[in-house]
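Close look at the chain arrangement
Listed here are the chains, written in short residue letters.
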Amino acid sequence: MASSSSTLLDRALARARSYLPSRNWLIFIGSVSGFASIVAYDRHKAREVKRELKSRAAVVAEQPLHFHERARNVIVYLSPTQYSERCFNDFVKPVFDAAALDYTVISSTSNASLRTTVMESIWTGKEELEKERVKEREKQRVRASSWVPRWTRREEQESSVEKLLREIAIQYRPEDGLVAVGPEAWITVIKSVNDAYLSDRPTQPVTALGSGDSILTTANDGSNHGRPTELDGFSLPPLGYITCRNYTGWGGVPARMYWWFNKRVTMRNVGEEALQIALDRKRPFSSETDLTLGDDDIRGDFKPLRSGEEGWTGIDEGVGGKLSVYQTKF
């Protein structure tokens, strides 16, 4: 009886042993489980960081806004890389949405088109300011003309409808910050703001030359380098830099693997930068520190923003004095 029971037990153990995976399978299952556990932990912590950042950004959304006030808006320029759009959607957009911050995303396939977009915006602002000054001078001339009958003069007090229409027609708003996602966009935005402020819109369409560093040539060659005295009342928008590391190519594979397992760190760092922009925390522009932002993240043939390279002579003092920067770096 005892021998029969031991035989049955041996058969059961042998059958169970046949279902156990081999050593190679155990190594494979253990490795996959370990990697899956690391990823699950990282994603869990990343969601916690995102919830924290969104709760801190919600303070901005809860602030009351008067009916005649305009909601804050920023213009986001994405570097022409596949990582910039993903970085914005995963780490920046949730914070902006939680803060109820309006944003306009501009993506391009090259730095040339990105540069053209930024310069066109600054040129438009300068032209609008000049038109307002022409209208103001015309008003003053009419007021000073004693021979003009009073009933032909325009009312001194602007009606609410006229004010609303004038506000709607404005295309350039200096309070709308320019946010660059990635070092390529940051370098292009700074160069474009500087060059557009020191030049006038060309009389012929602008031609973009080169694919690496976008160079714009103006047909009328209207660059008047040096601070324009006629633009003392012109304001430049604040600038912001969002870190976006591009790990394309075989050389970036190790770093790409490392950061794939550490998205919680990226969420913390990039989310904090987006939060500072949502909170509208700014400081004066500094040529010593701001021109080197993103140098460590540059890959490929794109050149850093240093004086003397690629014909770049540095930012004009008048432009630097008008600029402010979001405190995304500490």
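You'll find the structure just up there.
Just so we're clear, the structure is a prediction, and the values are computed from it rather than from any experiment.

1. Concerning the environment of Lys45
Considering the arrangement of structural elements, one finds Lys45 in helix H2 (residues 23-61). The spatial distance from the C-alpha of Lys45 to the C-alpha of Arg264 is 5.9 Å, given a sequence separation of 219 residues.

2. Side note on the environment of Tyr103
Checked against the element boundaries, Tyr103 lands in strand E2 (residues 102-107). You can call Tyr103 partly exposed: its relative accessible area is 23%. When sequence neighbours within four positions are dropped, the list of residues in contact with Tyr103 reads Asn73, Val74, Val76, Phe88, Lys93, Phe96 and Asp97.

3. Looking at the pairing of strand E3 (residues 177-181)
In terms of burial, E3 is largely enclosed, as five of its five residues are buried. Residues Gly177, Val179 and Val181 of E3 are buried on one face, and the alternating residues Leu178 and Ala180, pointing to the opposite face, are buried as well. Judged from the five bridges that link them, strand E1 (residues 73-78) and E3 form a sheet pairing that is parallel. Looking across to E3, one finds that Tyr77 is bridged to Ala180. Direction of pairing for E3 relative to strand E6 (residues 239-242): parallel, over a ladder of four bridges. Pairing of Ala180 across the sheet is with Tyr241, part of E6.

4. Observations regarding the pattern of salt bridges
Oppositely charged side chains can pair when the atoms bearing their charge come close. Under the counting rule described, the total for this entry stands at 17 salt bridges. Among the ionic pairs, Arg56 bridges to Glu272, the shortest N-O distance being 2.7 Å. Of this pair, Arg56 sits in helix H2 while Glu272 sits in helix H8 (residues 263-278), placing them 216 residues apart in sequence. A residue is classified by how much of its surface remains accessible, and Glu272, at 18% relative accessible area, is buried. Note that Arg283 and Asp290 form a salt bridge whose closest N and O atoms lie 2.5 Å from each other. When salt bridges that share partners are traced, they join Glu52, Arg56, Arg268 and Glu272 into one network.

5. Details of H2
Note that an α-helix has 3.6 residues per turn; residues three or four places apart therefore point the same way. Given a rise of 1.5 Å per residue, 39 residues ought to cover 57 Å, and the 56 Å separating the end C-alpha atoms of H2 matches this to within 8%. Those residues of H2 that fall on the buried side of the exposure criterion are Val39, Asp42, Arg43, Ala46, Val49, Leu53, Ala57 and Val60. Lining the buried residues of H2 we find helix H3 (82-98), helix H7 (253-260) and H8.

6. Notes on the packing of aromatic side chains
Here the structure, examined in full by the defined rule, presents nine aromatic pairs. With a centroid separation of 5.6 Å and an interplanar angle of 75°, the aromatic rings of Phe88 and Tyr103 are classed as edge-to-face. Linking Phe88 in helix H3 with Tyr103 in strand E2, this pair joins segments that are 15 residues apart in sequence. Positioned above the aromatic ring of Trp260 is the side chain of Arg43, whose terminal nitrogen or guanidinium carbon lies 5.0 Å from the ring centre. Sitting above the plane of the Tyr83 ring, Arg86 keeps its charged end 5.4 Å from the centroid.

7. Let's talk about the packing of H2 against H8
Across the interface, H2 lies against H8 with an axial gap of 9 Å and an inter-helix angle of 10°. Of the possible angle classes, the one that applies to H2 and H8 is roughly parallel. Residues Tyr41, Asp42, Arg43, Lys45, Ala46, Val49, Lys50, Glu52, Leu53, Arg56, Ala57 and Val60 of H2 form the contact with H8, whose own contacting residues are Lys263, Arg264, Met267, Arg268, Gly271, Glu272, Leu275 and Ala278. Of the residues that constitute the contact of H2 with H8, the class distribution is nine nonpolar, one polar and ten charged.

Criteria and cut-off values
- Residues numbered from 1 in each chain as written.
- Predicted model: local features only at pLDDT ≥ 70, side-chain atom pairs only at ≥ 80, totals over all residues.
- Heavy atoms only, no water.
- Helix = DSSP H or I, 4+ residues; strand = E, 2+ residues; numbered from the N terminus.
- Buried < 20%, exposed > 50% of the residue type's maximum accessible area, 1.4 Å probe, protein only.
- Contact = heavy atoms within 4.5 Å.
- Pairing = 2+ DSSP bridges.
- Salt bridge = Lys/Arg side-chain N within 4 Å of Asp/Glu carboxyl O.
- Expected span 1.5 Å × (residues − 1).
- Phe/Tyr/Trp six-rings, centres within 6.5 Å; stacked < 30°, edge-to-face > 60°.
- Lys NZ or Arg CZ within 6 Å of the ring centre and 35° of its normal.
- Axes fitted to C-alpha atoms, helices over the stretch in contact; angles between N-to-C directions.
- Parallel < 35°, antiparallel > 145°, perpendicular 65-115°, else oblique.
- Nonpolar A, V, L, I, M, F, W, Y, C, P; charged D, E, K, R; others polar.

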